[in-house]
Amino acid sequence: MIELEGVPELIDPVMVAAFEGWNDAGDAASTAVAHLDREWKGEVFAALDAEDYYDFQVNRPTIWLDGGVRKITWPTTRLSVVRVGGEKPRDLVLVRGIEPSMRWRSFCNEILAFAHELGVEMVVVLGALLGDTPHTRPVPVSGVTSDPDLARTMDLEETRYEGPTGIVGILQEACTHAGVPAVSLWAAVPHYVSQPPNPKATLALLNRLEDLLGLRIPLGELPEDARAWQLGVDQLAAEDSEVAEYVQTLEEARDTAELPEASGEAIAREFERYLRRRDTGPGQALGGHATESGDASYLRDTSSGRTRPPKPLRPETGGGTGPGSPPTGGPGRQPPADEGNERIEGTENGDGGDGDGDGPRDSSEDSSED
């Protein structure tokens, strides 16, 4: 039995999870959860035993110095809690880690045990995949569930995907079988510029999460970072005529596919988001403000400043041979685009890893307590 000491009784808690690896193209999903933890100063209250779930030759531990004392940070999955205050406060349980190397069923059962003990009302899992989507257009984000009733009441897509899956799909199904409402949100990342970070995709996931939960999420510098990212990719793409032509082809295909979406309903959704942001201050929920709890030292990003946008790959070397062709990659490194993502037109299999295919990625750094 899990005993949670020092964790107060939570108010209408929702669990939000993301995992680095196969389901995290451009690090968009894991960065979104890290952003929530940083902005609301989450306090870590539990960590899964790394020995049970990780191959340390794939996800290696890191050694660091603390006042001259050498310490080791092991790759794992950590849980923290944040409170969003206001007239109707609620708590978020944030789960952030690395896709496990083994014992996935036990891994999901352990996450579900925490959810049960904390009284979690719903689980939202964030994911990102590579697809044939242009970087110049809004990032497609689809919300899917295996629960027909939840799909109907929350305007979600009922997933009908069949094929290989990652921990996002496994955890969602585990929640469904355990009777816990579960939703996954998927962002599509351009496969020709797959290197992390991708702040535009992270921003899109957070906006969709806002709509789903009815929360006001403080975005900090993310909008500015997203604009800088797109400008940088624009400039780099303009230097290569083949890439520029390929992007134009994707734009035309996307615009044609989305003509029916330029409807009053789509415009109304954007206008409602604008009104919410105008009428509420930074860090507020729809009726109040975000309170801060816990030690600010938890789960801090070690990087500082902004990262230059990566150079987009040529279509023939970056995963495709021309307009509409699927990205390629090593075996087992491409989460299918259809998994929980039937709304995204023209997407293909996506690599949720580091995008370079050169070998295992040491992602323990992103999950460490700094």
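What counts, and at which threshold
- Residues numbered from 1 in each chain as written.
- Predicted model: local features only at pLDDT ≥ 70, side-chain atom pairs only at ≥ 80, totals over all residues.
- Heavy atoms only, no water.
- Pairing = 2+ DSSP bridges.
- Helix = DSSP H or I, 4+ residues; strand = E, 2+ residues; numbered from the N terminus.
- Contact = heavy atoms within 4.5 Å.
- Axes fitted to C-alpha atoms, helices over the stretch in contact; angles between N-to-C directions.
- Parallel < 35°, antiparallel > 145°, perpendicular 65-115°, else oblique.
- Left-handed = near helix turned anticlockwise from the far one by under 90°.
- Salt bridge = Lys/Arg side-chain N within 4 Å of Asp/Glu carboxyl O.
- Buried < 20%, exposed > 50% of the residue type's maximum accessible area, 1.4 Å probe, protein only.
- Phe/Tyr/Trp six-rings, centres within 6.5 Å; stacked < 30°, edge-to-face > 60°.

> Just to check I follow, could you spell out the sheet that holds strand β6 (residues 90-98) for this structure?
Pairing between the strands of a sheet comes from backbone hydrogen bonds, and it takes one of two forms, parallel or antiparallel. In space, the eight strands of this open sheet follow the order β2-β5-β6-β1-β7-β10-β8-β9, with mixed pairing throughout. Of all strands in the sheet, those bounded by a partner on one side alone are β2 (43-47) and β9 (157-158). Bridge analysis of strand β8 (residues 141-145) against strand β10 (residues 182-190) gives four bridges, and the strand direction is antiparallel. If you follow Gly-143 over to β10, its bridge partner there is Leu-185. Sheet contacts for helix α6 (residues 199-213): β1 (14-20), β6, β7 (122-131), β8 and β10; angle to β10, the most-contacted strand, approximately 155°.

> What's the story with the packing of α6 against helix α7 (residues 222-238) in this structure? I'm lost.
Pairs of packed helices are described in terms of their axes, by the angle between the two and the distance that separates them. In the contact formed by α6 and α7, the axes pass within 8 Å of each other and the chain directions differ by 140°. In terms of orientation, α6 and α7 fall into the oblique class. Read as a crossing pair, α6 and α7 show a hand that is left-handed. Taken together, the residues of α7 that come into contact with α6 (itself represented by Pro-199, Lys-200, Thr-202, Leu-203 and Leu-206) are Leu-222, Pro-223, Asp-225, Ala-226, Trp-229 and Gln-230.

> Which parts of the structure should I look at to understand the pattern of salt bridges?
Once the charged atoms of two side chains with opposite charge are near each other, the side chains can pair. Within the structure shown, the criterion is met by six salt bridges. Among the ionic pairs, Glu-121 bridges to Arg-90, the shortest N-O distance being 3.9 Å. Of this pair, Glu-121 sits in the loop between α3 (104-118) and β7 while Arg-90 sits in strand β6, placing them 31 residues apart in sequence. Relative accessible area serves as the criterion here: at 40%, Glu-121 is assigned to the partly exposed category. We note a salt bridge from Arg-137 to Glu-251, for which the minimum N-O separation is 3.8 Å. Here Arg-137 is found in the loop between β7 and β8, whereas its partner Glu-251 is found in helix α8 (residues 241-257), with 114 residues between them in sequence. Note on Glu-251: relative accessible area 17%, which makes it buried.

> Can you help me understand the packing of aromatic side chains in this one?
The relative placement of two aromatic rings is captured by the distance of their centres and the angle of their planes. Overall, the coordinates contain five aromatic pairs when judged by the stated rule. Judged by centre distance (5.7 Å) and plane angle (65°), the rings of Phe-19 and Phe-107 are edge-to-face. Linking Phe-19 in strand β1 with Phe-107 in helix α3, this pair joins segments that are 88 residues apart in sequence. In this pair, the class of Phe-19 matches that of Phe-107, namely buried. Between Phe-56 and Trp-74, the ring centres sit 5.0 Å apart and the planes meet at 50°, which makes this aromatic pair tilted. In this pair, Phe-56 is assigned in the loop between α2 (50-53) and β3 (62-66) and Trp-74 in the loop between β4 (69-73) and β5 (78-84), connecting sequence segments 18 residues apart. Residue Phe-56 is classed as buried on the basis of its relative accessible area, which comes to 19%. Through successive ring pairs, a cluster of aromatic residues spans Phe-19, Tyr-53 and Phe-107.

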